[in-house]
Structure formats: C-alpha cells, structure tokens
Amino acid sequence: MKEIVGRSEKAVIVGIGFSGDESIFGVDESLDELAALARTAGLEVVGRLRQKLDRPHPATLIGPGKIEELKDEIALTGADTVVFDEELSPRQQREIEERLGEHVKVIDRTTLILDIFAKHAHTREGVLQVSLAQYRYRLPRLTRQWTHLSRQTARTAAGVGLRGPGETQLEVDRRAIRRRIAHLEKELEEVRKQRSVHRRQRRRASLPVVALVGYTNAGKSTLLNALTDANVLVADQLFATLDPVTRKISLPGGREILMTDTVGFIQKLPPTVVAAFRATLEEVKEADVLLHVVDITHRHVLAQAKAVGEVLEELGVTDKPMVVALNKIDLLNDLEEARKVARAFPNSVAISAAEKIGLDELLERLKSTLESQMVRIEVTIPYSEGDLVSLFHQRGVVENERHTEEGTVISGLLPVWLIPRFRKLVESKSSVPVDKRI
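These figures come from a predicted structure and were not determined experimentally.

1. Things to note about the overall build of the chain
Check the secondary structure of the chain and you find 15 helices and 13 strands. Across the 438 residues that make up the chain, the buried fraction comes to 53%. Sequence separation of at least 24 residues holds for 72% of the intrachain contacts in the chain that already meet a minimum separation of 6. Of the accessible surface of the chain, which amounts to about 20700 Å², a share of 48% is contributed by carbon and sulfur atoms.

Set out below in structure tokens:
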C-alpha cells in the first residue's frame, strides 16, 4: 500500500497518561520513543503535548481544552501532522480531523509503525505482511479519504433522502479492500505453509535453531552480522530491518546451528502487526533456544526487556530456554550500574556486537544451553548406518565410543529433537532412560 507519511513533514506528537495505567513506560518515556519512530518515518518532530486523564475522552481522546492547545501548537510550529501515542478509534480520528482542519493530517502510533514497516519491507513475504496489516487497520478508517465526496453529497442530495455518489464510492472501496484482504490472507497462508516445509527440512538436517529476539534497535542485526557475516542492514533506527534472515554458524567444538533474526519488538506492538506477522513470528515458536539481545545502555532497559517478555508471553514461548546478550558494553561509562542491571537477567553474557567483544563467551553459553536440552542415550549403530555415527558426532556430544561385532556403540548426549532418529537403536540395557533430561 501507499505510505502515509511523506518526507519533510513537520509533526506534533501527543501523549496521554491515564489514571491507574500500569504501562511499563511513563508518558514522557513513551513520547521519547514515539519521537524516535517519527524520525525513522521521516517526520520532523517540532512539538509535543501530554495530558493526564482519568479516562479517554470518547470523542477526541484528549479533552476539548487540550484540543485547543494542540491547535495553538500547530499554528506556532507550522506542523502539518499530528501523531497520537495511543491508538485512535475511527470516530476519534474523524472528530480530531474536523476540529483541527483539513490541512492537518492525524495519525496514531499504529499507523506510524505500519508506515515504517512499509518502508523497510523488501521481500515478497514482508510486503504481503505489511500490506495485510495496513488494510486491516485502515478498513474502518476510510471516511477521510472520501470527505470531499461526502460534502458534495450533502449539498446536492440534501432533503432528497437518496444516497449520493460519495457514500456509494466509499462502500465500493470497502468491498474492494475486503477482497484484497482475503487475497492477501490466502497468499500469506501459502507463505506459512512454505515456512513449515522449510522448518521440517531443517529438522531433518538436525540443525538446532536459535532465534534472535529483542527490542527494536537493541543490536540483533549487528550481532548476526558479527557472528555470521550475514551483511544485514544496520542503522541507528527503530525497525531498520524487517525481513527475517537465517544463517548457519559453528559453536565451539564445531557443532553447527541455525540463527534466525526476527522482527524487533516494541511496546504497544499493534495486534494487526502480530496477526499479519504470524508466519515470521512462528520462527520464534519453533526455535530451540531464544537469544534475547538487550541494549544495556538504554535508560529504559528493564522496561524494554519487560515489553519483549510480554510479546513472548503472547506468542506462548516463555517456557523456552533463553540466553541474554547484554549488548553495547563498549558504550558504558558506569560499570557498577551495568553490573546491577545485569543481575536482573539470568543466564546473561555481556557483549559488544559492534566491537565483537564477548562473542566467544556468548557462543560457549549457547552451546551449554543447547546441551542442557539434551538427553543421555547409548546406542548400537550397525556399520551399514555409518551416517548415524557421523550425525551423533556432528549434533551430539560423544562421551564414549567402542566397536563391537554388532556395530558402533556410542554413549553420550543428543538433542531431544534427534531422539526419534535413534530410538529404535537404543539398547534396552542402557542405565539411563532415553527421555530423561540432564
């Protein structure tokens, strides 16, 4: 779809704090992030307003007095765009637009995020996902596009009781968008099936998968580049990269894994985005270990980590083993403060992806975490199935190996996902149950 935000637009951003709100970010902190999102979208932030409310105003979200203050701020700064940090209902957006005038564009945080995604999606899958999210979100918000027709209708059909061309065109447009949504859903279902096939192929190749997760701009792409020479775009922007990338890397000892970068998380991640990016986010659900990249230098690091945790909980993957990479330590001045922050993150390693500091320790931690998900078995592998001996050496940890008349007897640790390949060969006299985790 066409992008909403144009370059060189000036924007006033508006934040609201509600009584009893248990948001992980305060109003000012959330506005700081909204400003960063606006800059990423190409807007110049020239003003900001905030208001504390017991409850949202049903018509305009903010109160009538704050609307007047907003009009004054627009006149003072020459802004042509207003961005609200909360999602606007169709009614609220329409009312605010009418009160601010036709020359002012009114959008909300969700629209802004979707616009950034539209700019940064490059693969067919990414473009499909963003388009679907945009269409779903904009469907109930089409009225403004036809305001000029509606007004013309009101003038020409007043008192006649007939539906005019403006309203007819709006309904036609809605039907067209619903058809487009259905088409995109069908295409994305095909993408989802293809991803499922790829995941099954990875399982057959017996490669464990580590999924990179983290708040946007925490340094996931920089870390993937540092570990794999993936050549993923790196920029000091929110959502600089959107399309998932998977690369093979070797852990200490030579064991290979696949590492997948996923879309960055953010507070108030729109439900339309989560729904549209289901196929991509399933990479997280299918991973064996999550590697949570945390920007330890950010002043809201704990709040960002909590936001990531909430998305992971929504995806139903909080039971997966996790390694935490405390990134950007090369930018730290107060090491003692960093140590205090680090205590909040179990199983963490301090690194600098940009300077390649601590990466060896991080890989060792990934290795030990993967091994903790292994089971101990003993198998006798016939000499005719030598490929399984190689597989055990490549993907497992061999503790003992000997040769007998029946074949090669190997005892050691294997990833749980490999057990079905070896189950028929497991010796019944093994002293350790096959499915007992270590």
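2. Focus on the pattern of salt bridges
The final tally for this structure, using the stated rule, is 21 salt bridges. A salt bridge links Lys328 to Asp295; the nearest nitrogen and oxygen atoms lie 3.3 Å apart. With Lys328 in the loop between strand E9 (322-327) and helix H12 (335-342) and Asp295 in strand E8 (residues 289-295), this residue pair connects regions lying 33 residues apart in the sequence. In this structure, a network of salt bridges that share partners links the residues Glu33, Asp85, Glu86, Arg109 and Lys268.

3. Some points on the environment of Leu170
Mapped onto the elements of the fold, Leu170 is located in helix H7 (residues 165-204). In this structure Leu170 comes out as buried when scored by relative accessible area, which is 10%. Considering only alpha carbons, one finds Leu170 and Leu142, 28 residues apart in sequence, at a separation of 7.5 Å.

4. Comments concerning the nonpolar core
Generally speaking, nonpolar side chains in soluble globular proteins are found buried as a group. Counting 46 residues, the largest nonpolar core has Leu34, Leu37, Val83, Leu112, Phe265, Leu290 and Leu312 as its most contacted members. Broken down by secondary-structure element, the contributors of at least two residues to this core are strand E1 (10-18), helix H1 (27-40), helix H4 (109-120), helix H5 (124-138), strand E5 (209-214), helix H9 (271-276), helix H10 (278-286) and helix H11 (301-315). Counting residues in hydrophobic clusters, the runner-up holds 40 residues, among them Leu227, Val245, Val293 and Ala353.

5. Some words on the pairing of E8
Within E8, seven of the seven residues are buried, which leaves the element mostly enclosed by the surrounding structure. Of the two faces of E8, the one lined by Val289, Leu291, Val293 and Asp295 and the one lined by Leu290, His292 and Val294 are each fully buried. For E5 and E8, the ladder comprises five bridges, and the chain directions are parallel. Each residue of the ladder has a partner; that of Val210, found in E8, is Val289. Bridge analysis of E8 against E9 gives six bridges, and the strand direction is parallel. Looking at the pairing, Leu291 lines up with Val323 of E9. Taken together, E8, H11 and E9 constitute a β-α-β crossover, and its handedness is right-handed.

6. A closer look at the sheet that holds strand E13 (residues 408-415)
Across the sheet, which stays open at both edges, the three strands sit in the order E11-E13-E12 with antiparallel pairing between neighbours. Edge positions in the sheet fall to strand E11 (374-381) and strand E12 (397-403), since each has one partner strand and no second. On average, each strand axis in the sheet is tilted by 15 degrees relative to the strand beside it, whichever way the strands run. Note: E12 against E13, six bridges, orientation antiparallel. In the sheet register, Glu401 faces E13, and the bridge partner there is Ile410. In this fold helix H14 (residues 386-395) packs onto E11, E12 and E13, with an angle of close to 40 degrees to the strand it touches most, E13.

7. Considering the side chain of Asp295
When its relative accessible area of 8% is taken as the criterion, Asp295 is described as buried. At 2.5 Å, the side chain of Asp295 and the side chain of Thr297 are in polar contact. In terms of polar contacts, Asp295 uses its side chain to reach the side chain of Lys328, at 3.3 Å.

8. Overview of the packing of helix H2 (residues 64-77) against helix H3 (residues 90-100)
One can describe the packing of H2 onto H3 by two numbers: an axis separation of 10 Å at closest approach and a directional angle of 55 degrees. Taken together, H2 and H3 sit at an angle that is classed as oblique. Handedness of the crossing formed by H2 with H3: right-handed. Along its contact with H2, which presents Ile67, Leu70, Lys71 and Ile74, the element H3 presents Ile96, Arg99 and Leu100.

9. Considering the sheet that holds strand E6 (residues 245-250)
Here six strands make up an open sheet; going across it, the order is E6-E7-E5-E8-E9-E10 and the pairing mixed. Among the strands making up the open sheet, the edge pair consists of E6 and strand E10 (348-350). Across the sheet, the mean angle from the axis of one strand to that of its neighbour is 25 degrees, orientation sign disregarded. Two strands pair when backbone bridges link them, and E5 and strand E7 (residues 256-261) are joined in this way by four bridges, in the parallel orientation. Counted as the bridge partner of Val210 is Met259 from E7.

10. As for the packing of aromatic side chains
Taken as a whole and judged by the stated rule, the model has one aromatic pair. On the numbers, 5.7 Å between centres and 80 degrees between planes, the contact of Phe392 with Phe422 is edge-to-face. Remark: Phe422 occurs in helix H15 (residues 419-422) and Phe392 occurs in helix H14; sequence separation between them is 30 residues. Each member of the pair, Phe392 as well as Phe422, carries the same accessibility label: buried.

11. What to know about the packing of H4 against H5
The packing of two helices is summarised by the inter-axis angle and the distance between the axes. At a minimum axis distance of 9 Å, the contact between H4 and H5 shows a crossing angle of 155 degrees. One way to sum up the angle between H4 and H5 is to call them roughly antiparallel. Crossing hand, H4 versus H5: left-handed. The segment H4 lies against H5, with Thr110, Thr111, Leu114, Asp115, Phe117 and Ala118 engaging Val130, Ala133, Gln134 and Tyr137. In terms of residue class, the contact of H4 with H5 is made up of six nonpolar, three polar and one charged.

Parameters and conventions
- Residues numbered from 1 in each chain as written.
- Predicted model: local features only at pLDDT ≥ 70, side-chain atom pairs only at ≥ 80, totals over all residues.
- Heavy atoms only, no water.
- Helix = DSSP H or I, 4+ residues; strand = E, 2+ residues; numbered from the N terminus.
- Buried < 20%, exposed > 50% of the residue type's maximum accessible area, 1.4 Å probe, protein only.
- Contact = heavy atoms within 4.5 Å.
- Areas by Shrake-Rupley, 256 points an atom, 1.4 Å probe, with all protein chains shown as cover.
- Salt bridge = Lys/Arg side-chain N within 4 Å of Asp/Glu carboxyl O.
- Core = buried A, V, L, I, M, F, W, Y, C linked by side-chain atoms within 4.5 Å.
- Pairing = 2+ DSSP bridges.
- Right-handed = clockwise from strand over helix to strand, strands pointing away.
- Axes fitted to C-alpha atoms, helices over the stretch in contact; angles between N-to-C directions.
- Polar contact = N/O pair within 3.5 Å; in protein donor to acceptor, adjacent residues only side chain to side chain.
- Parallel < 35°, antiparallel > 145°, perpendicular 65-115°, else oblique.
- Left-handed = near helix turned anticlockwise from the far one by under 90°.
- Phe/Tyr/Trp six-rings, centres within 6.5 Å; stacked < 30°, edge-to-face > 60°.
- Nonpolar A, V, L, I, M, F, W, Y, C, P; charged D, E, K, R; others polar.

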